[in-house]
Amino acid sequence: MHDAPPAADSLAAEKEPLSAGLKQRHLTMLGLGGVIGAGLFVGSGAGIAVAGPGIVISYLIAGALAMLVMRMLGEMSAAMPASGAFSVHAERALGRWAGFTVGWLYWFLLVVVLAVEATGAAQIANGWVPGVPTWAWVLIFMVVFTAANLSAVKNFGEFEFWFAALKVGAIVLFLALSLLAVFGVLPDTEAVGFTNLTGQGGFLPNGVSGVVSGVLAVVFAFGGLEVVTIAAAESDDPARAVGRAVRSAVWRILFFYVGSMLVIVTLLPWSSMEPGKSPYVAVLDHIGIPGAGQIMNIVVFVALLSALNANLYGSSRMVFSLAERGEAPKGLLKVSGGGVPRRAVLASVAFGFASVILNLEWPDSIFRYLLNAVGAVLLFVWGLIAVSQLRLRRRIEREMPERLALKMWAFPYLTWVALAGMAAVLVLMITDEGARPQLLWSAAATAAVLVVAWVRELRLRRAA
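All of these numbers come straight from a predicted model, not from anything done at the bench.

Novice: Lay out the overall build of the protein in plain terms, naming residues and giving numbers.
Specialist: Of regular secondary structure, the protein possesses 19 helices and zero strands. In summary, the protein has a C-alpha radius of gyration of 22 Å against a globular reference of 23 Å for 464 residues, a match within 12%. With the principal axes as the frame, the protein shows a C-alpha extent of 75 × 55 × 40 Å. Counting only residues that meet the buried cut, the protein has 56% of its 464 residues in that class. Sequence-distant contacts, at least 24 apart, represent 81% of the contacts inside the protein between residues at least 6 apart. On the protein, the mean spot of the 32 positive side-chain charges and the mean spot of the 27 negative ones are 8 Å from each other.

In structure tokens:
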């Protein structure tokens, strides 16, 4: 299978040489915990600051878009599970250039964001143990998670299972305590009613434009769900496993996100929120939970390490899949006796560690440009997922309808709705001064990868 890439017009699922060490519980928790990170626990404050209570609508819109993308991706991954997931789907639907482009863009996104996560976790750890410098914590984390990813894939699954369990448990407990506070059940609390929802300028204090700005502030927090479809290829029954994981994840995640925002803006005046500060800490302080700041520090710390682990896993499997199809160096195809692509893991962690060094040394110059270059890449990846699903759905129905275990809702109408939603977010980014540099730099990075893909395609055609 490693001698040549799969035929672009073949939909037959190929047997992966990787280990089938992930269980259903691993995938379910990976789906639930994959998007619960610092973007929710801390970044949501920026969304509340611009949208007010209307942030609930912002999260509903952004979450609905993410749910549609995951349903599309789940449909294709259940029918054709592969370690490269949407990169493989794009190649089968649109050609080698598409698989090459989306695969390398996503790999680039993961290894750059990995630096933010490693540095953020190291800064929190440095606050607890100041005697250990930030760079040393980064080194410790990178070594630990590289070792975990170099060993059996079940170790990655166990790490993510317990990380995700802690994050999910923290949100469930937060929702329970917050609801008790809303109804005045907790000691020293009174029922708040709708004062904070209707006061301070009303439910939409900044109008529809505030809700729109809120969407822009929160939509990228849903990135990370895609890794579950990559991981599904390393389970005993990929088609069934990814279907279950997607079904359970999308609704519950929307509930966690929207539910959290609803209780936050009900309990506290939206105008008291400050960008960069966790609204979760503010709520816990308000209802009298001792040590709220440190509790959330622990949760955010775990969330960052979880994302670091998942991104290292996802990037290694993506570059391995690219190598399988002749779109990355063949040397990355070396698989251990336990079915782990160790060279792909080391290649990803090497670039990731280089990104960490750039973040530590030049956070406001070189690394900022790298981060801007991946700022809108997630939307480009989602767009290619949607276009691929439009092309592949009819072919699957025609060639192997029995594989359609998980179907996209209201196809093709909701797929087009999702594409329109992504286009709308891109338009918002170009009109927003803060987001515009990210879009332009990401577009430039995407154009560069497309040029490389085009040149490769020309050479392959000439050689054929």
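The discussion continues.
Novice: An account of unusual backbone geometry is needed here, citing residue identities and associated values.
Specialist: The omega angle of the peptide bond from Phe411 to Pro412 is 0°, so this bond is cis rather than trans. Mapped onto the fold, Pro412 is located in the loop between helix H17 (377-399) and helix H18 (413-431). The backbone phi angle of Ala410 is positive, close to 45°, even though this residue is not glycine. Relative to the helices and strands, Ala410 is located in the loop between H17 and H18.

Novice: Give a description of the nonpolar core that names residues and reports values.
Specialist: Counting residues in each nonpolar core, the largest one holds 159 residues, and the members touching the most others are Phe86, Phe141 and Trp382. Apart from residues no more than four positions distant in its own chain, Trp382 is found in contact with Leu65, Ala66, Val69, Val219, Phe222, Glu226 and Met422.

Novice: Describe the packing of aromatic side chains, naming the residues involved and giving the relevant values.
Specialist: On inspection of all chains with the given rule, the structure shows 20 aromatic pairs. The interplanar angle of 45° and the centroid separation of 4.5 Å between the aromatic rings of Phe174 and Tyr280 together place this pair among those described as tilted. Here Phe174 is found in helix H8 (residues 153-182), whereas its partner Tyr280 is found in helix H13 (residues 279-286), with 106 residues between them in sequence. Of the two residues examined, Phe174 and Tyr280, each falls in the buried class. Taken together, the aromatic side chains of Phe100, Trp104, Trp107, Phe108 and Phe351 make up a single cluster linked through ring pairs. In this arrangement the basic side chain of Arg368 is found over the ring face of Tyr369, its NZ or CZ atom lying 5.1 Å from the centre.

Novice: Tell me about the side chain of Glu226, and name the residues and values.
Specialist: Positionally, Glu226 belongs in the loop between helix H10 (207-218) and helix H11 (227-231). Notably, Glu226 is buried but unbridged: the nearest opposite-charge side chain belongs to Lys167, and the N-O separation is 13 Å. At 2.9 Å, the side chain of Glu226 and the side chain of Trp382 are in polar contact. Glu226 has contacts with Met70, Leu73, Phe86, Tyr106, Leu378 and Trp382, leaving out every residue within four places of it along the chain.

Novice: Outline the side chain of Asn196, supporting the account with residue identities and numerical values.
Specialist: Position of Asn196 among the secondary structure elements: in helix H9 (residues 195-198). A distance of 3.0 Å separates a polar atom in the side chain of Asn196 from the backbone oxygen of Leu267. Sequence-distant contacts of Asn196, that is, excluding residues within four places in its chain, are made with Pro53, Val265, Thr266, Leu267, Leu268 and Pro269.

Calculation rules
Residues numbered from 1 in each chain as written. Predicted model: local features only at pLDDT ≥ 70, side-chain atom pairs only at ≥ 80, totals over all residues. Heavy atoms only, no water. Helix = DSSP H or I, 4+ residues; strand = E, 2+ residues; numbered from the N terminus. Rg over C-alpha atoms; globule rule 2.2 N^0.38 Å. Buried < 20%, exposed > 50% of the residue type's maximum accessible area, 1.4 Å probe, protein only. Contact = heavy atoms within 4.5 Å. Lys, Arg positive; Asp, Glu negative; His and termini not counted. Charge placed at Lys NZ, Arg CZ, Asp CG, Glu CD. Core = buried A, V, L, I, M, F, W, Y, C linked by side-chain atoms within 4.5 Å. Phe/Tyr/Trp six-rings, centres within 6.5 Å; stacked < 30°, edge-to-face > 60°. Lys NZ or Arg CZ within 6 Å of the ring centre and 35° of its normal. Salt bridge = Lys/Arg side-chain N within 4 Å of Asp/Glu carboxyl O. Polar contact = N/O pair within 3.5 Å; in protein donor to acceptor, adjacent residues only side chain to side chain.

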